[in-house]
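Each chain, letter by letter, is given below.
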Amino acid sequence: MALTGGGLCLAAAALLCWALARDLGADPEHPYDATGQQVLALLLLVPATALLGRGIGARRAARRLHAGPQPALRVGIRGDSLTYSWLYADVRDTSGKPLIAFRDTAGNTVKDVRTLLGGSEERLRTEHHDINWFCEPFEAVLYGAPFEGAEVVLEHAAYYGNTRITTNVLAVPLHPRRRHDLGPWRAAGRSATLKEREERAAHRAKAAASGSGGSGCETSSSGCGSSSCGSSCGSSCGGGCGGGD
């Protein structure tokens, strides 16, 4: 941003210098008309000063963040695709917009760091339900300064098997990605795993009643997006944990 603004400023200065040189070298009886260069330089200076100012301000802010202690922020994480995920400023604000993206890969994730809770699956998924992170964000703690190009650490709770909730730790760089496919969301308020199990059981019962034997694989009607009846819930709705109802 600052480089673009500086380049436009240099281009505007070059136009003005060229017009001045032509004016000084012109015959006094026939002065050189530099109106075109002046207008073009003015058009370049308007976005140039704005970009240069924003770039310098962002650079100074980044330096201040690096100079001081690294903050720890509570954020939301929501999946855009199998590659990119987005940070939300508030995991409870359904009208909030995604702020900045990062790439979530297996190579930058440390799973099962420490155990938070244990117990029966029914109790855990009722009191601390798992979330389909493509449909709604789940809560995490961000360590570091959240700006484009920064490397941060994210820690969140996740299910390890069915009877334990552990922490996952991700070390990721934040990307200057502008586009996403994330629309509005609303909290499901219940376990995504249990909901998908109920839908599969209902589908099998319906298929058995119709005499199909349940051999077909139809699309389930879960909250957002579709998941085939042969997909693994661990890959689609095991992103993180929500609070109790």
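Fair warning: this is a prediction, and the values are worked out from it, not measured in the lab. Note that residues are indexed from 1 along each chain, following the sequence as it is written. Local features in this predicted model are restricted to residues whose pLDDT is 70 or higher, and side-chain atom pairs enter the listing and the counts only when it is 80 or higher, whereas totals over whole chains, interfaces and linings include all residues. Excluded from the side-chain calculations are hydrogens and water; all other atoms, namely the structure's heavy atoms, are used.

Engineer: What is the right way to read helix α1 (residues 2-24) from this model?
Structural biologist: Every α-helix winds through 3.6 residues per turn, so residues three or four apart in the chain are directed the same way. Only DSSP runs of H or I covering at least 4 residues are called helices, and only runs of E covering at least 2 are called strands; the numbering of each starts at the N terminus. The span expected for a helix works out to 1.5 Å for each residue beyond the first. A rise of 1.5 Å per residue sets the reference length of α1, with its 23 residues, at 33 Å; its end C-alpha atoms lie 33 Å apart and thus fit the reference within 8%. Any residue under 20% of the maximum accessible area for its type is buried, any over 50% is exposed, and the rest in between are partly exposed; the area is computed with a 1.4 Å probe on protein chains only. Among the residues of α1, those classed as buried are G5, C9, A12, L15 and A19.

Engineer: Whenever I open this one, the pattern of salt bridges confuses me. Can you help?
Structural biologist: Here the idea is simple: oppositely charged side chains can pair when their charged atoms come close. A pair is scored as a salt bridge if a Lys or Arg side-chain nitrogen falls within 4 Å of a carboxyl oxygen belonging to Asp or Glu. Applying the stated rule across the entire model yields 10 salt bridges. A salt bridge links R190 to E198; its shortest N-O distance comes to 2.9 Å. Among the ionic contacts, a cluster of salt bridges with common partners joins E121, R125, D130 and R197.

Engineer: In this structure, what is going on with the side chain of S191? I would like to understand it.
Structural biologist: Note on placement: S191 falls in the loop between β9 (164-175) and α4 (192-209). Within the structure, S191 has its side chain in polar contact with the backbone nitrogen of T193 (distance 3.3 Å). Residues within four places of S191 in sequence aside, it is in contact with R125, H129 and D130. Think of a polar contact as two N or O atoms within 3.5 Å of one another; within protein, one of them needs to be a possible hydrogen donor and the other a possible acceptor, and neighboring residues in sequence only count if both atoms come from side chains. Contact definition: two residues touch when any of their heavy atoms are within 4.5 Å.

Engineer: What exactly am I supposed to notice about the packing of aromatic side chains here?
Structural biologist: Under the pairing criterion, centres of Phe, Tyr and Trp rings, with the six-membered ring standing for Trp, must be within 6.5 Å; the plane angle then separates stacked pairs below 30 degrees from edge-to-face pairs above 60, leaving the rest tilted. Under the counting rule described, the total for this entry stands at two aromatic pairs. Between W133 and F134 the ring centres are 5.5 Å apart and the planes differ by 50 degrees, which places this aromatic pair in the tilted class. For W133, a relative accessible area of 12% puts it in the buried group. Taking relative accessible area as the criterion, F134 reaches 24% and is therefore assigned partly exposed. Relative to F138, the ring of W133 lies with its centre 6.0 Å away and its plane at 40 degrees, an arrangement referred to as tilted. Aromatic ring contacts, followed pair by pair, group W133, F134 and F138 into a single cluster. Across the ring face of Y84, the terminal group of R103 is positioned such that the distance to the ring centre comes to 5.6 Å. The ring centre of Y159 lies 4.2 Å from the NZ or CZ of R125, which sits over that ring. Put simply, a charge is over a ring when the Lys NZ or the Arg CZ is close to the ring centre, within 6 Å, and near the line of the ring normal, within 35 degrees.

Engineer: I would appreciate a short explanation of the environment of G5 in the present structure.
Structural biologist: Looking at the element boundaries, G5 is found in helix α1. Under the relative-accessibility criterion, G5 is labelled buried at 0%. G5 sits 39 residues away from L44 along the chain, and the two C-alpha atoms are 9.2 Å apart. Excluding residues that lie within four positions of it along the chain, G5 makes contacts with A48, L51 and L52.

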